[in-house]
Amino acid sequence: MSAPEPSVEGRGSLAPVITQRGLYYEELATGVVYAHRPGRTMTETDNVLFTTMTMNSQALHLDAAWSETQPFGQRLMNSMFTLATMVGQSVTQLTQGTIVAQLGMTDISFPHPVFHGDTLYTETVVTAKRLSSSRPGQGIVTMVHTGRNQDGVVVGTASRTALFWLTPTA
């Protein structure tokens, strides 16, 4: 069941209603760079909350004094938070209401650390797509997310496969 359309009362009977959504399978193009904005500044609060909520006791995320003695000289953002934010930044532009399910992720890497105060910007490139052979009205899309910090340095990459809806027919 789909959500009801927002009311147009008080705007006149001819007022158009545009509902924000992601892209349907047919609307996704391979090789296109989808730049997701705005960026997300990563905070100490984000790091501590995410790390403790996920029961990750890694001192590199929680212990400032100890982390100062380590190679990067400070705490690192939890890489799982970085990954989740990269995927999350793509939702409104690509998958909001148009994804059936996430099927898997591969080739995840974090080539440069993210620190408190860094801003993450994510881009997605669709690398492959095909119609589902077992699920009519759906298609399988593979995309690569790339996260960069405010200086343009790549801080994370992940290949993600998801099941999308085809454009609904009337």
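Calculation rules
- Residues numbered from 1 in each chain as written.
- Predicted model: local features only at pLDDT ≥ 70, side-chain atom pairs only at ≥ 80, totals over all residues.
- Heavy atoms only, no water.
- Helix = DSSP H or I, 4+ residues; strand = E, 2+ residues; numbered from the N terminus.
- Buried < 20%, exposed > 50% of the residue type's maximum accessible area, 1.4 Å probe, protein only.
- Pairing = 2+ DSSP bridges.
- Axes fitted to C-alpha atoms, helices over the stretch in contact; angles between N-to-C directions.

Visitor: For this particular structure, what's the right way to read unusual backbone geometry?
Guide: Residue R37 is joined to P38 through a cis peptide bond whose omega torsion reads 10 degrees. By the element assignment, P38 lies in strand β1 (residues 33-41). In this structure, M55 takes a positive phi of about 60 degrees despite not being glycine. In this fold, M55 is placed in the loop between α1 (44-53) and α2 (59-62). Overall, the relative accessible area of 75% leaves M55 in the exposed class. Residues other than glycine seldom take positive phi values, yet D107 does so here, at roughly 50 degrees. Mapping D107 onto the fold places it in strand β2 (residues 99-109).

Visitor: Explain the sheet that holds strand β5 (residues 154-165) here, please?
Guide: Think of a sheet as strands paired side by side through backbone hydrogen bonds, with each pair either parallel or antiparallel. With antiparallel pairing, five strands are arranged side by side in an open sheet as β1-β3-β4-β5-β2. Single-partner strands in this sheet number two, and they are β1 and β2. On average, each strand axis in the sheet is tilted by 25 degrees relative to the strand beside it, whichever way the strands run. In this sheet, β5 lies alongside strand β4 (residues 138-148) in antiparallel orientation, the contact comprising 11 bridges. The residue bridging R148 from the neighbouring strand is V154, located in β5.

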